[in-house]
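The lines below spell out each chain.
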Amino acid sequence: MNRDQHTQMPADGAEHSSPNGRQEIDEARLTAYVLGELSGEEHAAEREGIERELAESEAARATEAEIRRSVELMTAALATEPAGALSAANRERIEEKIAANEVPAATLPLSRMRRFRRPLAAAMAACLALAIVSSLYLPRGNRTVSTLEGIAHFSEAATDESDNVVGEASQFKSDFHNAMKAHTPPQKAFATGKKSKSSGLDLPLRTMHGSAAELAEFPPGIPAEKNSHRVPYTINKPVYETKSRAAAYGPSVNGSVDDPYELDLAANGGRVGNRLGGRQGELSEGRDGLLDRSKARGYIAFNTEGYSRIVENPFLEVRQNPLSTFSIDVDTASYANVRRFLNQHALPPKDAVRIEELVNYFKYDYAPPADDAPFAVHAEIAGCPWAPKHRLLRVALKGREIDFNNRPASNLVFLIDVSGSMDQPNKLPLLKAALRLLIDRLSENDRIAMVVYAGSSGLVLPSTTGDRQAVIAGALEQLQAGGSTNGASGIQLAYETARQNFIRGGVNRVILCTDGDFNVGATDQGALTRLIETEAKSDVFLSVLGFGDGNYKDAAMESLADRGNGNYAYIDNLNEAHKVLVEQAGGTLVTIAKDVKLQLEFNPRRVAAYRLVGYENRMLRNEDFNDDAKDAGEIGAGHTVTAFYELVPAGDDSPAAPVDPLKYQQTVEPSEAAASDEVLILKLRYKEPDGAESKLIESVVKDAGRSFAQADADFQFAASVAGFGLLLRDSEFKGDLTFAAVLELASASRGADEEGYRAEFIGLVKQALAVGGVR
Amino acid sequence: MTENSPETPRDWLRSVVARYEGSLVRYAARITGDAERARDVVQDTFLRLCEQDRAELDGRLAQWLYTVCRRRALDVRRKEHRMQATIPERLDLASDSRNGQADVAEQQELHQAVLALLAGLPENQQEVVRLKFQSGLSYREISGVTGLSVSNVGYLLHVALKTVRQQLHVNSTSGASTPGASAGDHS
C-alpha cells in the first residue's frame, strides 16, 4: 500500500527542512538540466542561468560531471536487468482482441479521413490493405507470435513457446527485415507487372501514395521556424513482403549466398550494374524471373520517420530586400532518402525533399581554383526552364581537389550506434561493410578509434594506426546490436578520444553512424545538439552517416551535423557507401574551409524580385554575414556546391506579395552603380579549417542573355534536378513544369556521366512519373 | 528502437504490444513482486488499449500505458494482500541472454553494486529511477504516471542518484571518507 502513500516532498519543502536545502535544490536543478528536462523554451531562462554557472564555476562543472557519470552508470546498470515477456496465453488473448477490433477505415480519426484526396478510392485501398493483412494473419492461427515478431521485433520473444515456434518466429523476423529493406527489388516487379494497367494492385497502391502525401502534410497554422521546428509525424508507405528471400534478392553478384549480409550486397550489386549502364528494365526483368509471384504476399507497412517542415523561400522584392544571405550546404542525404522512397514506388513526403541536397548530390565539372584559394566561385545566368519569363542564376563553388593519398593524416573516431534498432540488415551489417571500404584505404599515418553506444557506451577500439588492418577489422566485425540508445555519453567519449589523439594540421573527425533514434537516458534532442555544439568548438569535425528506414530520424541527424561542423550523408546501400567513403572520401573527410557564407546584393534596375531555390534551413540574417561568430556550412576537398536563384527581370510583374508604400521613409534611390549592366554582386566569406577570422571574396555578375538551351550541360542538368525537387515538393513555384519535362531536360543534359549517377536520376524521374502522375 | 506506427489500428496495436511488452512486464513485476501476475496485469493493460480511441492517446501513449499498468498492478497487489511484498532481487521474467559487448567483469560487478544500492532506496525513489532510466519517460510523464509533482519527481531522482553515488564512493574508498564528504559534494 505504501505506493499510494508516496511521501510528497516538494522541492521547496525540502529547502526548509534541510540545512543543505539550497544546495540540494541546485543539484536537483542541475540533474534536471543534465537529463535534458530544461530544454524547452519555457525553461530558457533557467537553462541559461545554469549554463552561466557552469561556465563560471569549477565546482559546478565537477558536480555536473558527477551527475553525468552517475546517470550513465545508473542507465547502464538498469540495462542489465532483463525485460519481461508475456506468456503465449497472454499473447493469444491480446491477439484475439486485436483481431476482433473494428474495421480500420472506421476507426481512423475523422480528421484524417477528411484529408484523403479521394475518399472512395481511399476506402477501397483500406479494404484491400485489410484483405491483405487479414490473409496474412488469420490463417496463421497459432503463429501469432511470429506475426507480432514481424511487426516490431522484440528479442525476448516467447520463452514459453516450443522451440520450433521460436524458430519460425526468427525466420519470419529475418524475412520481414529483408522485406523492409529500402530498395527491395520485388517492387520493381510490380512496376513492370502493372504495365498492362489491369493489375488489381495498381489502383489502390497509387491511392495509398496519394493519401500518404496528404497525411504527411502538416495542419495549417504551424509557424515555421528555421532549424528548430521539428515535428515528427507519421507517413505511410507501402512495402511489399516476399516470402522467398533468395527470390527477392535476385542474382547474386557477390556469389556467397550463405551469408545473409552478403545477400544485401548482392541486392546492391544490381544497382551497380544499373549505374554502369545496364538498363533498369533488363535488371528488373531478371528479378521478375526469379520472383515466385505465387509466394509474394502484399503487405503494407508503415513507419514513423521524422522530418522537419520546410517552408519554401518566397519571392522577395529587390527594393525591399536587396540582400540575400545563406550558408552553403554540401549534404546529400536527402537525395539518397528520396531515392529510397521512389525505389519503393512511393513519392517521398514533401519535407523529406531538400532541393539543395538533391542538386548537390551530383558532381559538376566546375573549374577548380587557379590560385591556392580553397575554392573557386562561379556565377552564371540563363533562362529558367519552369518560368519562361524569368532568369535562373546559378552560383557554383568548387573546392580544391586533394588526392586521397596526399591527404593530411587522419584521426578518425567512429561512433557507432549498436542499439537494438540497428539490428537490421540495412543498418549494422551495411555499416560494417561501409566502414571496411574506408578502413581499407587508410595507412600508418592515420589513426582510427571506435566507440559504441547503446545502453552503455564504451571504447571498443582504442586509437590504432591505420596499418593495423586486422585489429581494426576484428573490432569492427565484433560489433553487434543490442540495448537502447544513449547518444550523449557515447558522443562525449568519442570527442574525448578524438581530442586525445588530435593531429595538428590533420583531419580530426568523429564519424557518427546511426539510425538517429536516440531515445533513452540522459538524452533529449536539445541536450544532444547542445552537447555537439560545445564539442564542435574543439576543431574536431563531425560526419553523420544515416542508416536504415522505418524509423529514420532525418531531422535529428541533419541538425546534429549542422551544429557539429559536419556533413551528413544517408547510406542506403553499399554503392552509396562507396560514393561517400571512397570516391568522395576527400570531401567527406578533409574540410578545406568552414563557415562558408554567401551574400548577394541585387541591382534593382536589373532585377525586380528573386527567390532562392532550396536552402530553406540554411538562410542567415543579413547581419550574420559579417559576424564571424555565426556558424555556417563547411566545404570538403573536391566538393561542388550549387545554388539556384530564380530572378524576375526588372520591368516584369513581380510575383512578390505587394507591400504598402512607407509613410515615414522614402524608397532609396538606386546608386550610380545601378546604372551599369551588373545584375548583382556576390560576396562570400569563409574561414580556414582551423581559422577564426573570415576571408572575403567578391565578384560582380552580369547577364549575357543566354537562353536555357544555350547554358552548359551541367547548368541544365542541375536545373532539371532542382525542378524535380520542386515537383516532389509540389511547390507553388513549380510553374508549368512536369515530370515528363524534367525527364526530357535531364536526358538531354546527361553528358558523359561516367559513374552513372545521372542515369540513375533519370530512372528516378521515370519512377516518379509512374508513381506520381498527378504531380 | 524500431517503432512502427502503422495506420491500421490492428497493426498499430500489435506494434505497441511488441514495443512496450518487455518494459511493462518488468515494471509491473516490480510492483506485484510476481512475474505471473505482472504478465496478467500487462495483458489487461493491452486489452484496455484495444478499446481506446487512438487519436486521444496521440503523444501520451507511454504515459497512458504506464499509468494503467501501474493502477492495475497496485490493485492486484492490494487484492492479493501482498502489501509488503518483498521484491526479489532477480525476477524470473525471461531468459534474456543479451550480452552487451565490451562488458568486462569489472563493469558487471559495478552494475550489480549499483542495482544493490538502488534496491536499498525508498520504493518511490526506485520507481522514478526505473521510469526515467529504464523506461525513458520524461519528468512530466513520470509525474502523470505516479501522481507526484514534476518538481518532486526531479527531487526524488536527484536524491536517489546522489545517494547511490555517495555510497559507491564510500564503498570504494572503504570508509576512508564519510558520506557527507563524498564525491558528489564538490559545490
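This structure is a prediction, so every number in the text was calculated from the model and none was measured.

Participant: Before we move on, could you go through the overall build of chain B and cite the residues and values that matter?
Facilitator: The helix and strand tally for chain B stands at eight helices and zero strands. Starting at the N terminus and ending at the C terminus, chain B contains elements arranged as α-α-α-α-α-α-α-α. Here chain B holds 187 residues, and 52% of them are scored as buried.

Participant: An account of the overall build of chain A is requested, with residue identities and associated values reported.
Facilitator: Along the backbone of chain A there are 27 helices and 20 strands. Split into buried and exposed, the 775 residues of chain A put 51% on the buried side. Put simply, of all contacts in chain A between residues at least 6 apart along the chain, 79% involve residues at least 24 apart.

Participant: So what's going on with the nonpolar core? Residues and values would help.
Facilitator: Most often, soluble globular proteins keep nonpolar side chains buried together rather than apart. Counting 144 residues, the largest nonpolar core has A:F414, A:L415 and A:V510 as the members making the most contacts within it. The element that contributes the greatest number of residues to this core is helix α25 (residues 713–728) of chain A, accounting for 10 residues. Counting contributing residues per domain, this core is built from domain 3 (322–402 + 592–658 + 670–751) and domain 4 (404–585) of chain A, each supplying no fewer than three. With residues near it in sequence (within four places) discarded, A:V510 still touches A:V413, A:L415, A:A494, A:Y495, A:A498, A:V540 and A:L542. Judged by nonpolar contacts, the second largest core, of 63 residues, contains A:A77, B:A62, B:V68 and B:V159.

Participant: Tell me what's going on with the environment of A:G466, and back it up with residues and numbers.
Facilitator: Residues and elements named next belong to chain A. Secondary-structure assignment places G466 in the loop between β11 (457–465) and α19 (469–477). It is 7.3 Å that separates the C-alpha atoms of G466 and I439, two residues lying 27 residues apart in sequence. Residues contacting G466, with those up to four places away along its chain left out, are L442, S443, E444, N445, D446, R447 and I448.

Participant: Any chance you could break down the environment of A:R309 for me, citing the residues and the numbers?
Facilitator: Considering the arrangement of structural elements, one finds A:R309 in the loop between β4 (302–303) and β5 (316–317). On the basis of neighbour counts, which here come to 19 C-beta atoms within 10 Å, the residue A:R309 falls in the partly exposed class.

Participant: Give a detailed account of the sheet that holds strand β16 (residues 607–613) of chain A, specifying residues and quantitative values.
Facilitator: Ordered by their spatial adjacency, five strands build an open sheet running β5-β16-β18-β8-β7 (chain A), and the pairing between neighbours is antiparallel. What marks the edges here is a single partner per strand, and that holds for β5 and β7 (375–383) of chain A.

Participant: For the packing of helix α6 (residues 123–133) of chain B against helix α7 (residues 139–146) of chain B, give the residues involved together with the corresponding values.
Facilitator: Residues and elements named next belong to chain B. For the pair α6 and α7, interaxial distance at closest approach is 10 Å and the crossing angle is 135°. Considering their axes alone, α6 and α7 lie oblique with respect to each other. As for the relative orientation of α6 and α7, their crossing is right-handed in sense. Between α6 and α7, the residues in contact are E127, V128, L131 and K132 and I142, V145 and T146, respectively.

Participant: I'd love a proper account of the pairing of strand β10 (residues 447–453) of chain A, names of residues and values included.
Facilitator: Residue and element names in this part refer to chain A. Among the seven residues of β10, seven are classified as buried, and the element is accordingly described as predominantly covered. Side chains of β10 alternate between two faces, with R447, A449, V451 and Y453 and I448, M450 and V452 buried alike. In this structure, strand β9 (residues 410–417) lies alongside β10, joined through seven bridges in parallel fashion. Bridge assignment links F414 to a residue of β10, and that residue is M450. Handedness of the β9-helix α18 (residues 428–439)-β10 crossover: right-handed.

Participant: Explain the confidence of the model for chain B to me, using residue names and the numbers behind them.
Facilitator: Residues and elements named next belong to chain B. With 74% of its residues at a pLDDT of 70 or more, chain B shows a mean pLDDT of 75. Confidence scores differ between elements of chain B, with helix α3 (residues 54–57) showing the lowest mean pLDDT of 81 and α6 the highest of 90. For residues 1–6, every residue scores under 50 in pLDDT, and the model assigns this stretch 32 contacts once sequence neighbours within four places are set aside. When the criterion is pLDDT under 50, residues 82–103 qualifies, and its contacts beyond four places in sequence or with other chains add up to 45 contacts. The complex model carries a pTM of 0.49, and its ipTM stands at 0.79.

What counts, and at which threshold
Residues numbered from 1 in each chain as written. Chains lettered and ligands numbered in written order. Predicted model: local features only at pLDDT ≥ 70, side-chain atom pairs only at ≥ 80, totals over all residues. Helix = DSSP H or I, 4+ residues; strand = E, 2+ residues; numbered from the N terminus. Buried ≥ 20, exposed ≤ 12 C-beta atoms within 10 Å, placed from the backbone. Contact = placed C-beta atoms within 7 Å. Core = buried A, V, L, I, M, F, W, Y, C linked by C-beta atoms within 7 Å. Domains from an automatic or database assignment. Pairing = 2+ DSSP bridges. Axes fitted to C-alpha atoms, helices over the stretch in contact; angles between N-to-C directions. Parallel < 35°, antiparallel > 145°, perpendicular 65-115°, else oblique. Left-handed = near helix turned anticlockwise from the far one by under 90°. Right-handed = clockwise from strand over helix to strand, strands pointing away. pLDDT = per-residue confidence, 0-100.

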